[in-house]
Amino acid sequence: MRFSQLDRITALELGKSISAVKCLSLSEEYLQDHFPRFPVMPGVLMLESMFQASMWLVRASGKFEKSSVVLREGKSLKFQGFVQPGDSLVVHCEIKSVEGSITNLKVSGEINGKSATGGRIIVDAFNLADRQGVDPAIDEYMKHKFRMTFKRLCNQLDTQNLAALANNPLLAVAQ
Amino acid sequence: MRWFWIDRFTEFVSGKTAAAIKCVSQSEEVVDEYAPGRTYLPASVIIEGMAQTGGLLVGQMSDFKARIVLAKITSSKFYCEAYPGDILNYRVEIQSQDGIGTMVNGTSQLNGKPHGEINLMFAALDDERFTNVELFEPSQFCRMLRLLRLFEVGVNADGSPIAVPRHMVEAEKAYLSIG
Amino acid sequence: MPINEEVFDKVKEALVDALGVDDDEVTEEATMVGDLGAESIDFLDIVFKLEQSFGISIPREDLFPDDILTNAQYISDGKVTAVGLEKLKARMPFADLSRFERNPLVQDFGNILTVKDLCNYVITKTS
């Protein structure tokens, strides 16, 4: 995924919560536009980081059975701190409720332990064959690709977290 | 990946409303491999497109001198995804304002059908905490506004065209005089 | 005196919406800033939602008496003077300022407003 706004997943509890990190580098091309004299991570990319972490949580919690997990709503999302090159944005997402295909999450992000952003998001998980009547092979391909990317992001979970993962069905899911 | 999330303005009425279009292409870096297999334009950059439309509408009220940033996504909602080949039409309106921020609401249409709605809050960087911070170099900022055709469609409340602000004209002249 | 339930529910809805807090976090005694995490940028949003929900108009200085708090006439050593306190009470009869009065540091003023104060304010505007 070239638009990855996460570098690693650092903690994961299926059906509950996830933590992940995004490091901002001055070499990100878009920083020359946002802004030419004040390079900072755009607020919507902080949202994208929190959405992507939520997406992995929902995918993994649903055993990667859905090909699509999309952002339906973002609410009361505040941007209080600027992420500057060299900073790490640590995001945390927590499932508040699940209703059918819809998952409601509380999300937040911090820099050096200081709150930088937070709010609520709603994501929708589904298969394209069910919603748009496309060839199920497309869903299968998507699920495969996402599983691969997820493994890469999780490869860096520390040993303690890996041990915790070994005790839940996630590893089997990601194989 | 650059950071232009609208292709051009189609309407711009100072202090009131602005409309812009965004075409979705497979060759965009964010689209390519975002959901490989059935790629789409991420909702976050759709929000950014509407934020750029609204942020420049807010910024124009100070002749683009106030350092306007997105402070809050009060609400945002999307009904479907925007796939390569689709055309998005954004429209934003200034809703309310106090000394701290400006609220802007907006809608997005996909190929002419309702696609999303949004409510955003913008704030200007305060001088206390951001004393010597400048976001754009004025001639570069002006070039961006020209690229987006803002001055070609922009009008003031009385219908007269929005002129390029004097400080930008001067910065452009200074830039062209180098070398 | 228990506050009007209908008013409380509407105020709660506005706060849950604007601040992304849970329903059960919005209690009568909760302070807007300390407990619910409201920041200056949120107040425009909250005021707008209350105006819509109750069909009222809320002048900013009703809830944020910055003009008093930044007026040298009413401030001494970073604290609000007795005259200043009277001014604040006259401006904000709906708010319980008794705790603030004990040590009226200007910097603490932002955190005195509670959900109950906000409800009382709305009631004065609608009755």
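Parameters and conventions
Residues numbered from 1 in each chain as written. Chains lettered and ligands numbered in written order. Predicted model: local features only at pLDDT ≥ 70, side-chain atom pairs only at ≥ 80, totals over all residues. Helix = DSSP H or I, 4+ residues; strand = E, 2+ residues; numbered from the N terminus. Contact = placed C-beta atoms within 7 Å. Axes fitted to C-alpha atoms, helices over the stretch in contact; angles between N-to-C directions. Parallel < 35°, antiparallel > 145°, perpendicular 65-115°, else oblique. Nonpolar A, V, L, I, M, F, W, Y, C, P; charged D, E, K, R; others polar. Left-handed = near helix turned anticlockwise from the far one by under 90°. Pairing = 2+ DSSP bridges. Buried ≥ 20, exposed ≤ 12 C-beta atoms within 10 Å, placed from the backbone. Core = buried A, V, L, I, M, F, W, Y, C linked by C-beta atoms within 7 Å. Expected span 1.5 Å × (residues − 1). Arc of directions from axis to C-beta. pLDDT = per-residue confidence, 0-100.

Caption draft 1: Looking closely at the overall build of chain B. Helix and strand counts for chain B come out as 4 helices and 7 strands. Along chain B, helices and strands appear, N-terminal first, in the series β-β-α-β-β-β-β-α-α-β-α. Considering only C-alpha atoms, chain B reaches an extent of 50 × 45 × 35 Å along its principal axes. Across chain B, contacts joining residues at least 24 apart in sequence account for 64% of those joining residues at least 6 apart.

Caption draft 2: Up close: the packing of helix H2 (residues 138-147) of chain B against helix H4 (residues 166-177) of chain B. Residue and element names in this part refer to chain B. Running from N to C, H2 and H4 point in directions that differ by 110°, and their axes come no closer than 8 Å. The pairing of H2 with H4 is recorded here as roughly perpendicular in orientation. Here H2 contributes Pro138, Ser139, Phe141 and Cys142 to the contact with H4, which in turn contributes His167, Met168, Ala171, Glu172 and Tyr175. Across the contact of H2 with H4, the residue classes break down as 6 nonpolar, 2 polar and 1 charged.

Caption draft 3: Fine view of the packing of helix H1 (residues 43-61) of chain A against helix H3 (residues 136-154) of chain A. Residues and elements named next belong to chain A. Interhelical geometry of H1 versus H3 gives an angle of 115° and a closest axis separation of 11 Å. Viewed along their axes, H1 and H3 adopt a mutual orientation that is roughly perpendicular. Crossing of H1 over H3 shows left-handed handedness. On H3, the residues touching Trp56, Arg59 and Ala60 of H1 are Phe146, Phe150 and Leu153. For the contact of H1 with H3, the residue count by class is 5 nonpolar, no polar and 1 charged.

Caption draft 4: The arrangement of the interface of chain B and chain A in detail. Facing 36 residues of chain B, the contacting portion of chain A comprises 34 residues. Secondary structure elements with two or more residues in the side of chain B that touches chain A: helix H1 (43-60) and strand S3 (68-78) of chain B. With 9 residues, the top contributor of residues to the side of chain B that touches chain A is S3(B). Its residues assigned to classes, the side of chain B that touches chain A comprises 19 nonpolar, 6 polar and 11 charged. Note: strand S3 (residues 68-79) of chain A against S3(B), 5 bridges, orientation antiparallel. By the bridge assignment for S3(B), A:Glu73 is matched with B:Lys77.

Caption draft 5: Highlighting the pairing of S3(A). Residue and element names in this part refer to chain A. Most of S3 sits inside the fold, with 9 of its 12 residues counted as buried. Inspection of the sheet shows S3 paired to strand S6 (residues 114-126) by 9 bridges, in the antiparallel sense. Bridge pairing in S6 places Lys78 opposite Gly118.

Caption draft 6: Structural context of the interface of chain C and chain A. Facing 6 residues of chain C, the contacting portion of chain A comprises 7 residues. Its residues placed into classes, the side of chain C that touches chain A shows 3 nonpolar, 1 polar and 2 charged.

Caption draft 7: Representation of the nonpolar core. Of all hydrophobic cores here, the largest spans 125 residues; its most connected members are B:Phe122 and C:Leu15. Take this core: its biggest share by element is 12 residues, from H1(A). With near-sequence residues (within four places) excluded, B:Phe122 lies in contact with B:Gly54, B:Gly55, B:Val58, B:Ile68, B:Val69, B:Leu70, B:Ala71, B:Gly101, B:Thr102 and B:Val104.

Caption draft 8: Examining the pairing of strand S1 (residues 8-13) of chain A more closely. All names here are of chain A. Pairing geometry for S1 and strand S2 (residues 17-23), over 5 bridges, is antiparallel. For Arg8, the partnering residue across the bridge sits in S2 and is Val21. Here S1 folds back onto S2, and the loop between the two strands holds 3 residues, one of which, Gly15, carries a positive phi near 75°.

Caption draft 9: Highlighting H3(A). Residues and elements named next belong to chain A. Along its 19 residues, H3 runs 27 Å from first to last C-alpha, staying within 8% of the 27 Å computed at 1.5 Å per residue. By the burial criterion, the buried members of H3 are Asp139, Met142, Phe146, Phe150, Leu153 and Cys154. Viewed along the axis of H3, the buried residues span an arc of 95°, placing them on a single side of the element. Residues of H3 that are exposed and angled more than 90 degrees away from the buried face: Ala137, Met148, Lys151 and Arg152.

Caption draft 10: Spatial organisation of the confidence of the model for chain C. All names here are of chain C. With 98% of its residues at a pLDDT of 70 or more, chain C shows a mean pLDDT of 90. Least confident of the elements in chain C is helix H3 (residues 60-63), whose mean pLDDT is 84; most confident is helix H1 (residues 5-19), at 94. Across the predicted assembly, pTM comes out at 0.91 and ipTM at 0.95.

Caption draft 11: Representation of unusual backbone geometry. A:His34 connects to A:Phe35 through a cis peptide bond whose omega is -10°. Residues other than glycine seldom take positive phi values, yet A:Phe64 does so here, at roughly 55°. Residue placement: A:Phe64 occurs in the loop between H1 and S3. Unlike most non-glycine residues, C:Asp77 shows phi in positive territory, near 55°. One can find C:Asp77 in the loop between strand S1 (75-76) and strand S2 (79-80).

Caption draft 12: Representation of H1(A) within the structure. Residue and element names in this part refer to chain A. If you check H1, its first and last C-alpha atoms are 27 Å apart, about what 19 residues at 1.5 Å a residue would give, namely 27 Å. Along H1, 19 of the 19 residues are buried, which leaves the element largely enclosed by surrounding structure. One or two residues past the end of H1 sits Lys63, with phi positive at roughly 55°.

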